[in-house]
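Close look at the chain arrangement
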Amino acid sequence: MKVLVPVKRVVDYNVKVRVKSDGSGMDLAGLKMSMNPFDEIAVEEAVRLKEKGAATEVVAVSCGASACQETLRTALAIGADRAILVETDAELQPLAVAKILKALVDKEQPGLVLLGKQAIDGDNNQTGQMLAAIADLPQATFASKVEVLEGKAQVKREVDGGLETVEVALPAVVTTDLRLNEPRYVTLPNIMKAKKKPMETVKPADLGVDVAPRIRTVKVGEPPKRGAGVKVPDVATLVDKLKSEAKVI
Ligand code: AMP
């Protein structure tokens, strides 16, 4: 079984981002970029499935600028077998990525597409679900455990108030949650090996996909600054302030 793992290049989770002064978006110039953490978990899971004998090949795919090659090299260093860069400088919204992935699903015929549950830059949480819809595949989102059995996958999902176990027929789309696994440390020998693994580059047009944005960002702003707190002498003053100033009771 082939596993397709889409990996997104995003601003590193340790970096504090700033809004551009004209409110048109985030200022990303010169910031450290990394693989989306949920996608790292997805690559790790796919590689573990291969190590267990449940998968035969792990193919990483990234859509975006040529710098995404770096993200793909990280996926190859974790243990993916080959990589596909769908290169474009256009702004990619989740629907465009889902359409690209659908075209790759048709071409590659994977038994499983393992995505992150969300990219930490846009927090969209849409691509996996959209892909499942347009490729007409079953989906199991927010996986905290994945077991591949004969022709199906059993997935434990993190839902409000507990865990739900669902079974999906393969091929299927699964999205990863934080507790699925802890990605391995990428070692230097594996980084070196990754340099020799195959990486193919295609354009969205080669896959017949129109990536034109369907959503327009109207404005991006900083959250309102929090004012300093005050100490109140007693409960009566607190209640009074909550009523008259904060107007929450
Ligand atoms: P999102 O719907 O944007 O929150 O992204 C959910 C998941 O879709 C990510 O964790 C990735 O696995 C995948 N994804 C989103 N955008 C891209 C991209 N440009 N390239 C590759 N995978 C992506």
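Our subject is the structure that appears above.
Residues numbered from 1 in each chain as written. Predicted model: local features only at pLDDT ≥ 70, side-chain atom pairs only at ≥ 80, totals over all residues. Heavy atoms only, no water.

**What about the packing of aromatic side chains?**
Stated precisely, the cut-off is as follows: Working definition: rings of Phe, Tyr and Trp (its six-membered ring) pair if their centres are within 6.5 Å, and the pair is stacked with planes under 30 degrees apart, edge-to-face with planes over 60 apart, and tilted otherwise. Ring-over charges, as used throughout, are those where CZ of Arg or NZ of Lys falls within 6 Å of the ring centre and within 35 degrees of the ring normal.
Following the criterion strictly, the structure yields 0 aromatic pairs and no others. The ring of F142 has K117 lying over it, and the distance from NZ or CZ to the ring centre is 5.5 Å.

**Observations regarding the layout of surface pockets**
Spelled out, the test is: Each cavity reported here is a set of points on a 1 Å grid over the protein atoms alone in which a 1.4 Å probe fits but cannot get out, each pocket an open set with protein on both sides within 12 Å along at least five of seven lines, and each lining residue one with an atom within 4 Å of a point. Grid points are joined across faces, edges and corners, and a volume is the space filled by probe spheres set on the points. Only DSSP runs of H or I with at least four residues qualify as helices, and only runs of E with at least two residues qualify as strands; both kinds are numbered from the N terminus onward. Residues are grouped as follows: nonpolar covers Ala, Val, Leu, Ile, Met, Phe, Trp, Tyr, Cys and Pro; charged covers Asp, Glu, Lys and Arg; every other residue, Gly included, is treated as polar.
Quantified by volume, the largest pocket comes out at close to 1,500 Å³. Lining of the largest pocket is provided by 50 residues; of these, K8, L92, D121, G122 and N124 occupy positions nearest its centre. Among the secondary structure elements, those contributing two or more residues to the lining of the largest pocket are β2 (9–11), β6 (57–64), α3 (94–108), β8 (112–116) and α4 (127–135). Broken down by element, the residue count for the lining of the largest pocket peaks at 4 residues, all from β6. Counted as a void, the second largest pocket has a volume near 400 Å³. Forming the boundary of the second largest pocket are 20 residues, of which D12, Y13, S34, M35 and E40 lie nearest the centre. At the level of elements, β2, β5 (33–35), α1 (37–51) and α2 (68–78) are the ones that each hand at least two residues to the lining of the second largest pocket. When the residues that make up the lining of the second largest pocket are grouped by side-chain class, the tally is 10 nonpolar, 5 polar and 5 charged.

**Re the site of the ligand**
Which entries qualify depends on this criterion: Proximity is defined per residue: if any heavy atom of the residue lies within 4 Å of a molecule or strand, that residue is considered near it. In the analysis that follows, any N or O atom pair within 3.5 Å is treated as a polar contact, provided that within protein one partner can donate a hydrogen and the other can accept it, and provided that, for residues neighboring in sequence, both atoms belong to side chains. Put plainly, a molecule is in a cavity or pocket when over half of its atoms are within 2 Å of the grid points there.
As a structural note, the neighbourhood of the ligand is formed by 17 residues, with D39, A119, N125, Q126 and T127 the closest of them. For the ligand, an oxygen atom lies 3.0 Å from a polar atom in the side chain of N36. C63 is positioned with one of its backbone polar atoms (N or O) 2.8 Å from a nitrogen atom of the ligand. Put simply, the ligand lies in the largest pocket. Among the elements of the structure, β6 and β8 are those that each provide at least two residues to the shell around the ligand. Sort the elements by how many residues they give to the shell around the ligand and β6 lands first, with 3 residues.

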